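Single-letter residue listing:
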Amino acid sequence: MFFSFATFIHFHILSGFCFFNNVAVAAKHALDTERANRVCILDWDIHHGNGTQDLTFDDPDIFYISLHRLGSNPSTTFYPGTGKPEEVGYGTASGANLNIGWTSCGMGNVEYAAAFSELVLPLLSAYKPDLILISCGFDAVKDDHIGDCNLTPDMYYSMTRSVIKTVGLSVPVVVALEGGYNLDIIPLCMEAVALAMLDEPLDYRKKKKLPLRSAKSVGASSDLFNSLPTELNEKKTNITNNKINNRNERKQTHRRKETRMSILSRLEDGRRELSHLWLHNATNDKQRGYAKNSAIRCINQSMRAIRDAAMWKDSTAVNFSTDIPEQTYETPFSIKTRSRRGRKYISVFDVFI
């Protein structure tokens, strides 16, 4: 997620978790080789991708979206301390950089569902990328040793499915593994993402038994391919390149024929994957979902910043909703006093900050 050399250029120190920014390099390569005309990088690692943002900040053909923590509370910062909502891109790329930075810890499934449904998925649909690269960190999951958030593995399944359904099956989605600091939970999250990409249900074990290929058989097939004559290798490469070119031509033709109605239909399909947590078209708080007010404020702040950017200011491709209303309660902690056997005690319900 972080690119040490970019960090060195800007801050004169080496920092971050990665030596090379594989996702940013892949996006630039896809554009340079004309495998894609527009690339979206979706980064849900709990740390802001400051290196990715630096490398794409002035490129209108790469839309960088990051959901991350800015701090534990409004007075403290969370590493690396970058990724504020007002950082929306530079020059012709103003609007091609979206930061949703949580200002407190403990964000869970509902908060992420609200961010996806209200902001991430509509912008994905409107931007119409030819390729999506997911910076897939699992450090926002509950019980991670650093992230201190509350996502569950099945939420990664829902987020992945919502992205695929929003952009359609003709757009390739690549998942790059990144952060995650609890070895007991990472496999569950990765399994959920893999099942979502395979269009398999989370409870697939109950329905079918999938054959496993051993490492030995994989290695054997690789050695066999490497031992083929050079002419056969070249022929195979040419056939592969021709298939890729033909596929790209078909995709471009298909996307030109797409109607606004079909795009909106896919967006609703993507939102439907998250509707059990957050309902976009709800008329009241009870139907919509119970998200923390601090999360709603963060989403609204990002929404205001991005809709005023040059790329989206006069665009009709996306209809930004009005600010999400904050949920109201009698008191922030809804403290109620009860009595039992003559003794008074206090119970705390619905803690929303």
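Above: the structure in question.
Residues numbered from 1 in each chain as written. Predicted model: local features only at pLDDT ≥ 70, side-chain atom pairs only at ≥ 80, totals over all residues. Heavy atoms only, no water.

Caption draft 1: Structural context of the overall build of the protein. In terms of helices and strands, the protein carries 12 helices and seven strands. Residues classed as buried in the protein amount to 46% of the 353 residues present. Put simply, of all contacts in the protein between residues at least 6 apart along the chain, 71% involve residues at least 24 apart. (Helix = DSSP H or I, 4+ residues; strand = E, 2+ residues; numbered from the N terminus. Buried < 20%, exposed > 50% of the residue type's maximum accessible area, 1.4 Å probe, protein only. Contact = heavy atoms within 4.5 Å.)

Caption draft 2: Geometry of the packing of aromatic side chains. As enumerated under the stated definition, the model contains six aromatic pairs in all. Within the aromatic cluster, the residues linked to one another by ring pairs are Trp44, Phe116, Phe138 and Tyr156. Above the ring of Tyr127, the side-chain terminus of Arg38 is found at 4.3 Å from the ring centroid. (Phe/Tyr/Trp six-rings, centres within 6.5 Å; stacked < 30°, edge-to-face > 60°. Lys NZ or Arg CZ within 6 Å of the ring centre and 35° of its normal.)

Caption draft 3: Seen up close, the packing of helix H4 (residues 109-127) against helix H11 (residues 293-307). Between H4 and H11, the least distance of the axes is 9 Å, while the angle of their chain directions is 10°. As far as their axial angle goes, H11 and H4 are roughly parallel. Contacts between H4 and H11 pair Glu111, Ala114, Ala115, Glu118, Leu119 and Leu123 from the former with Ala295, Ile299, Ser302, Met303 and Ile306 from the latter. (Axes fitted to C-alpha atoms, helices over the stretch in contact; angles between N-to-C directions. Parallel < 35°, antiparallel > 145°, perpendicular 65-115°, else oblique.)

Caption draft 4: Focus on H4. Its 19 residues place the ends of H4 25 Å apart at the C-alpha level, agreeing with the 27 Å of an ideal helix rising 1.5 Å per residue. The largest bend in H4 comes to about 45°, at Phe116. Among the 19 residues of H4, 19 are classified as buried, and the element is accordingly described as predominantly covered. Once H4 ends, the next one or two residues include Lys128, with phi positive near 55°. (Expected span 1.5 Å × (residues − 1). Bend = angle between axes of the 7 residues up to and from the residue.)

Caption draft 5: Spatial organisation of the pattern of salt bridges. Counted by the stated rule, this structure contains six salt bridges. Close ionic contact of Glu273 with Lys165 constitutes a salt bridge, the shortest N to O distance being 2.8 Å. Taken together, the residues Glu273 in the loop between helix H9 (260-272) and helix H10 (285-288) and Lys165 in helix H5 (residues 153-167) connect sequence positions 108 residues apart. A relative accessible area of 18% means that Glu273 is categorised as buried. Across the pair Arg271 and Glu268 runs a salt bridge, and its minimum N-O distance is 3.1 Å. On the criterion of helical spacing, the pair formed by Arg271 and Glu268 is a turn pair, its members being three residues apart in helix H9. With relative accessibility at 10%, the residue Arg271 sits in the buried group. We classify Glu268 as partly exposed; its relative accessible area is 28%. (Salt bridge = Lys/Arg side-chain N within 4 Å of Asp/Glu carboxyl O.)

Caption draft 6: Main features of helix H6 (residues 186-197). If you check H6, its first and last C-alpha atoms are 17 Å apart, about what 12 residues at 1.5 Å a residue would give, namely 16 Å. By the burial criterion, the buried members of H6 are Cys189, Ala192, Val193, Leu195 and Ala196. The arc that holds the buried residues of H6, viewed along the axis, is 165°, so those residues lie on one side. Next to the buried residues of H6 lie strand E4 (131-136), H5 and strand E5 (173-177). A positive phi of about 60° marks Asp199, the residue just after H6. (Arc of directions from axis to C-beta.)

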